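The chain contents come next:
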Amino acid sequence: MSLIEGARTNVNFLEGETLGPRTRTFELAPGLTVGGQRLVIFAGPCAVESEEQVQAAARGVKAAGAHVLRGGAFKPRTSPHTFQGLGPEGLVLLRDAGREAGLPTITEVLSPNDVDLVADYADILQIGTRSMHNIPLLHAAGECDRPVLLKRGFMATVEEWLAAAEHVMSRGNTRVVLCERGIRTFETGTRFTLDLNAVALAHQLSDLPVIVDPSHGTGHAELVLPAARAGIAVGGDGLLVEVHPNPAAALSDGYQSLSLEAFQALMHAVRRVAIAVDRTL
Ligand code: PEP
Ligand code: MN
């Protein structure tokens, strides 16, 4: 039975007897559980740019209380004329920065052929919004022993997103974390529209943890903190936040990246919301 069918038979929406199936919990890395009372915060630069940049980001986000260091080595940029990531060199720099800071790492894998390589360097695989429909990639990640963070396609329904998660799980890997990162709407004032409904709905329809990406979901650094607070209030099991030691000099997504100081402020604000919804950071 699929996740969606299973959830529909378990949940009685009309009588409101339950808020949906319990979220499953599992380890993302030794000692780090997702889906439980404790929120998981993934933070770091959009792209790994240099040793100095990723080390500074790692130290800063660790000091502010983040749990996982993020950073792209293979970047799926919309334009071919922009920075495409450092590739394998970026994987090494991210791994080393994570080790020095004492943080597990997450990075995007773009191709099924790269799953084993990325899994050699990173603790968690990220499948990006543009790859959510790449069935061979979903299957390759499903054969890997690393947890997978699956971003929602920016034109995908919640049902399609959950079906993509099932593609990963169909190959044996059940450690899948869903990530709402904003969808395309008619609104142009923000880069994407962070779909908070989807966070609640995904929790209703499946037992997978759901985290929220307020960085891509808004596209503006000054909107990231309020969207992060909302993402936790609506039931998100954590956040994925872009943080750069010098956002103005970032090679990708600088306009939506938080400085280390702004990230500290976000953590402080989110901690207060977490308490209000019986979660901890
Ligand atoms: C990212 O996390 O930097 C990224 C490319 O995300 P998305 O796939 O959501 O655009
Ligand atoms: Mn980005």
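In this text, all values refer to a predicted model and were calculated from it rather than measured experimentally.

Enquirer: Explain empty space enclosed by the protein here, please?
Expert: Rolled over the atoms, a probe with the dimensions of a water molecule shows which regions are left empty. Under the defined criterion, the tally for this structure stands at one cavity of 30 Å³ or more. As a volume, the largest cavity reaches approximately 30 Å³. Lining the largest cavity are Arg70, Gly71, Gly72, Lys75, Ile106, Thr107, Glu108 and Gln126. Ranked by residues supplied to the lining of the largest cavity, first place goes to strand β5 (residues 105–108) with three residues. Residue composition of the lining of the largest cavity, by class: one nonpolar, four polar and three charged.

Enquirer: When you look at the coordination of the manganese ion (ligand 2) in this model, what are you seeing that I'm missing?
Expert: A four-donor tetrahedral metal ideally has 109.5 degree angles, and a six-donor octahedral metal ideally has angles of 90 or 180 degrees. Every protein donor of the manganese ion (ligand 2) is listed here as Cys46 (SG), His216 (NE2), Glu242 (OE) and Asp253 (OD), and their distances to the metal cover 2.1 to 2.4 Å. Along the chain, the residues donating to the manganese ion (ligand 2) are arranged with the sequence spacing C-x169-H-x25-E-x10-D. With Cys46 in the loop between β3 (40–44) and α2 (51–64) and Asp253 in the loop between β10 (238–242) and α10 (260–276), this residue pair connects regions lying 207 residues apart in the sequence. For Cys46, a relative accessible area of 3% translates into the label buried. Among the residues examined, Asp253 registers a relative accessible area of 7% and is labelled buried.

Enquirer: Would you explain the site of ligand 1 in this entry?
Expert: Taken together, Cys46, Arg70, Lys75, Glu108, Gln126, Gly128, Thr129, Arg130, Lys151, Arg181, His216 and Glu242 form the complete shell of residues around ligand 1. The separation between an oxygen atom of ligand 1 and a polar side-chain atom of Lys151 is 2.8 Å. Taking 290 Å² as the accessible area of ligand 1 by itself, protein coverage stands at 96%. Grouping the amino acids of the shell around ligand 1 by side-chain chemistry returns one nonpolar, four polar and seven charged.

Enquirer: Looking at this structure, I do not really get the pairing of β3. What am I missing?
Expert: With respect to burial, β3 is a largely interior element, five of its five residues being buried. As judged from the five bridges shared by β3 and β10, these two strands associate in the parallel manner. Bridging from a neighbouring strand, Ala43 pairs with Val241 of β10. Looking at chain direction, β3 and strand β4 (residues 68–70) are connected through two bridges and run parallel. Pairing of Ala43 across the sheet is with Leu69, part of β4.

Enquirer: Whenever I open this one, the environment of Val68 confuses me. Can you help?
Expert: Of note, Val68 is situated in strand β4. Owing to a relative accessible area of 0%, Val68 belongs among the buried residues under this scheme. When near neighbours in sequence (up to four residues on either side) are disregarded, Val68 contacts Leu32, Val40, Ile41, Phe42, Ala43, Leu103, Pro104, Thr105, Ile106 and Ile124.

Enquirer: How do you make sense of the layout of surface pockets when you look at a structure like this?
Expert: In this structure, the second largest pocket spans a volume of roughly 260 Å³. In terms of lining residues, the second largest pocket is bounded by 19 residues, among which Pro76, Arg130, Arg191, His216 and Asp253 are the most central. Residue classes in the lining of the second largest pocket are distributed as three nonpolar, seven polar and nine charged.

Enquirer: What is the right way to read the packing of helix α9 (residues 221–233) against α10 from this model?
Expert: The packing of two helices is summarised by the inter-axis angle and the distance between the axes. Two elements in contact, α9 and α10, have axes whose closest approach is 9 Å; the angle formed by their N-to-C orientations is 25°. The orientation of α9 with respect to α10, classified from their angle, is roughly parallel. Judged by the twist between their axes, the crossing of α9 over α10 is right-handed. Touching Val224, Leu225, Ala228, Arg229, Ile232 and Ala233 of α9 are Ala265, Leu266, Ala269, Val270, Val273 and Ala274, all from α10. For the contact of α9 with α10, a count of residues per class yields 11 nonpolar, no polar and one charged.

Enquirer: What's the story with the side chain of Ser131 in this structure? I'm lost.
Expert: Inspection of the secondary structure assignment puts Ser131 in the loop between β6 (124–127) and α5 (135–142). You can call Ser131 buried: its relative accessible area is 5%. Setting aside residues no more than four positions away along its own chain, Ser131 makes contact with Glu108, Leu110 and Leu137.

Enquirer: Would you mind going over the pairing of β5 with me for this structure?
Expert: What you see with β5 is no split at all: Thr105 and Thr107 on one side and Ile106 and Glu108 on the other are buried throughout. Summarising the sheet, β4 and β5 pair through two bridges and their orientation is parallel. What sits directly across from Arg70, in β5, is Ile106. Viewed along the sheet, the connection from β4 through helix α3 (residues 88–101) into β5 turns out right-handed. Of the strand pairs in this sheet, β5 and β6 are connected by three bridges, and their pairing is parallel. The residue of β6 that forms the bridge with Glu108 is Gln126.

Rules behind the numbers
Residues numbered from 1 in each chain as written. Chains lettered and ligands numbered in written order. Predicted model: local features only at pLDDT ≥ 70, side-chain atom pairs only at ≥ 80, totals over all residues. Heavy atoms only, no water. 1 Å grid on protein atoms, 1.4 Å probe; cavity = no way out; pocket = protein on both sides within 12 Å on 5 of 7 lines; lining within 4 Å. Points joined across faces, edges and corners; volume = space filled by probe spheres on them. Helix = DSSP H or I, 4+ residues; strand = E, 2+ residues; numbered from the N terminus. Nonpolar A, V, L, I, M, F, W, Y, C, P; charged D, E, K, R; others polar. Donors = N, O, S within 2.8 Å, 3.2 Å for Na, K, Ca; no water. Buried < 20%, exposed > 50% of the residue type's maximum accessible area, 1.4 Å probe, protein only. Near = heavy atom within 4 Å. Polar contact = N/O pair within 3.5 Å; in protein donor to acceptor, adjacent residues only side chain to side chain. Areas by Shrake-Rupley, 256 points an atom, 1.4 Å probe, with all protein chains shown as cover. Pairing = 2+ DSSP bridges. Contact = heavy atoms within 4.5 Å. Axes fitted to C-alpha atoms, helices over the stretch in contact; angles between N-to-C directions. Parallel < 35°, antiparallel > 145°, perpendicular 65-115°, else oblique. Left-handed = near helix turned anticlockwise from the far one by under 90°. Right-handed = clockwise from strand over helix to strand, strands pointing away.

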